[in-house]
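Notes for the structure review
Letter by letter, the chains look like this.
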Amino acid sequence: MKRLIPVESASASIDEKVRELGDWRGKTLAKVRGIIHDADPEIAEEWKWVKPTSPGTAVFSHGGIICTGETYKNVVKMTFAKGAALKDSSGLFNSSLDGNVRRAIDIHEGDKVDEAALKDLTRAAVALTLKGKSKPKPKPKPRRAGKI
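Take the overall build of the chain next. Each helix and strand counted, the chain has three helices and five strands in total. For the chain, buried positions account for 37% of its 148 residues. Here the analysis covers contacts within the chain between residues at least 6 apart in sequence; of these, 48% occur between residues at least 24 apart. For the chain, the accessible surface area stands at approximately 9900 Å², while carbon and sulfur atoms represent 53% of it.

See the structure below:
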């Protein structure tokens, strides 16, 4: 059974994660979160994949998952769900480069985030996700009568 977390609770969970970290990772997650919302104010926050072994993951969506924000001991990772299909002219993607679908940005302590490039990448990801939603489903081919 899938447990849905209301948007307000998801945002509160991300706020709590930022406070709980209390170091450069929390500040970095808060910064990229702000950049994502500046790029597209319609982005919704979700908190997904809560398990006994994991407190969950910050997810940013608009018509589907745009990216996730995860924190690890030495890195804040922004994983773009359809990153492999995005043009990354600024070279932000530096992780998960050999996957067929996703691409990620690992941000280490002291790294400067290229805000303009991250906004552009976020907008492109939203456009790609929304474009995928508007495709009409192919109609099934009619069956010919008479032959079995």
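This part is about the nonpolar core. Phe-60, Met-78, Phe-80, Ile-105 and Leu-118 are the most contacted members of the largest nonpolar core, which totals 28 residues. Of all the elements in the fold, those that place two or more residues in this core are helix H1 (7–21), helix H2 (24–39), strand E2 (57–61), strand E3 (65–71), strand E4 (76–80), strand E5 (103–107) and helix H3 (115–133). Not counting the four nearest positions on each side in its chain, Met-78 is found in contact with Val-32, Ile-36, Phe-60, Cys-67, Thr-68, Gly-69, Arg-103, Ala-104, Ile-105 and Ile-107.

Across the chain, the average pLDDT comes to 86, with 84% of residues at 70 or higher. Counted against residues more than four places away or in other chains, residues 1–5, with its pLDDT under 50, gives three contacts.

On to the pairing of E5. The element E5 is extensively covered by neighbouring structure, given that five of its five residues are classed as buried. Residues Arg-103, Ile-105 and Ile-107 of E5 are buried on one face, and the alternating residues Ala-104 and Asp-106, pointing to the opposite face, are buried as well. Relative to E5, E4 runs antiparallel, the two sharing five bridges. Residue pairing in the sheet places Thr-79 in a bridge with Ala-104 of E5.

Quick look at the environment of Arg-19 now. With respect to the element layout, Arg-19 can be found in helix H1. Only 3.1 Å separates the side chain of Arg-19 from the side chain of Glu-16, close enough to count as a polar contact.

With that out of the way, let us pick up unusual backbone geometry. When glycine is set aside, most residues are seen to have a negative phi, and most peptide bonds are trans. A positive phi angle, close to 60°, is found at Trp-49, a residue other than glycine. By the secondary structure assignment, Trp-49 is in the loop between strand E1 (44–48) and E2. Residue Trp-49 is classed as partly exposed on the basis of its relative accessible area, which comes to 46%. Residues other than glycine seldom take positive phi values, yet Ser-96 does so here, at roughly 55°. Its place among the elements puts Ser-96 in the loop between E4 and E5. Residue classification places Ser-96 among the partly exposed residues on the basis of a relative accessible area of 33%.

We now examine the side chain of Arg-103. Within the element layout of this structure, Arg-103 appears in strand E5. Of the side chains with opposite charge, Asp-98 comes closest to the buried, unpaired Arg-103, at an N-O distance of 6.5 Å. Looking at Arg-103, its side chain comes within polar contact range of the main-chain oxygen of Ser-96, at 3.5 Å. Other than its neighbours up to four places away in sequence, Arg-103 contacts Met-78, Thr-79, Phe-80, Gly-83, Ala-84, Phe-93, Ser-95, Ser-96, Leu-97 and Asp-98.

With that out of the way, let us pick up the pattern of salt bridges. Where charged atoms from two side chains of opposite charge approach closely, those side chains can pair. Counted by the stated rule, this structure contains nine salt bridges. With its nearest N and O atoms 2.6 Å apart, the salt bridge here joins Asp-15 to Arg-33. Remark: Arg-33 occurs in helix H2 and Asp-15 occurs in helix H1; sequence separation between them is 18 residues. Residue classification places Arg-33 among the buried residues on the basis of a relative accessible area of 12%. For Arg-33, the salt bridge is made with Glu-45, and the minimal N-O distance between the two is 2.6 Å. One end of the pair, Arg-33, is in helix H2; the other, Glu-45, is in strand E1, and 12 residues separate them in sequence. Take Arg-33 and Glu-45: they sit in the same class, and that class is buried. What emerges from the salt-bridge pattern is a single network uniting Asp-15, Arg-33 and Glu-45.

What counts and how
Position numbers for residues count from 1 along each chain, tracking the sequence in the order it is written. Thresholds applied to this predicted model are a pLDDT of at least 70 for local features of residues and 80 or more for the giving and counting of side-chain atom pairs; totals over whole chains, interfaces and linings are not thresholded and use all residues. Side-chain metrics in this entry use all non-hydrogen atoms of the structure; hydrogen atoms and water are not considered. Secondary structure elements are defined from DSSP: runs of H or I of at least 4 residues count as helices, runs of E of at least 2 residues count as strands, and each element is numbered from the N terminus. To sort residues, take the accessible area from a 1.4 Å probe on protein chains only and compare it with the maximum for the residue type: under 20% means buried, over 50% means exposed, and anything in between is partly exposed. Throughout, a residue-residue contact means that at least one pair of heavy atoms, one from each residue, lies within 4.5 Å. In this description, accessible areas are obtained by the Shrake-Rupley approach with a 1.4 Å probe, and a residue is regarded as covered only by the protein chains that are shown. Only buried Ala, Val, Leu, Ile, Met, Phe, Trp, Tyr and Cys residues count toward a nonpolar core, and they belong to the same one when joined by side-chain atoms within 4.5 Å. The pLDDT score gives, residue by residue, the confidence of the prediction method on a 0 to 100 scale. A strand pair is defined by DSSP finding two or more bridges across the two strands. Under the rule applied, a polar contact is a pair of N or O atoms within 3.5 Å (in protein, one hydrogen donor and one hydrogen acceptor; residues adjacent in sequence only if both atoms are side-chain atoms). Note that His is not counted, nor are the chain ends; the positive residues are Lys and Arg, and the negative ones are Asp and Glu. Here, a salt bridge means any Lys or Arg side-chain nitrogen found within 4 Å of an Asp or Glu carboxyl oxygen.

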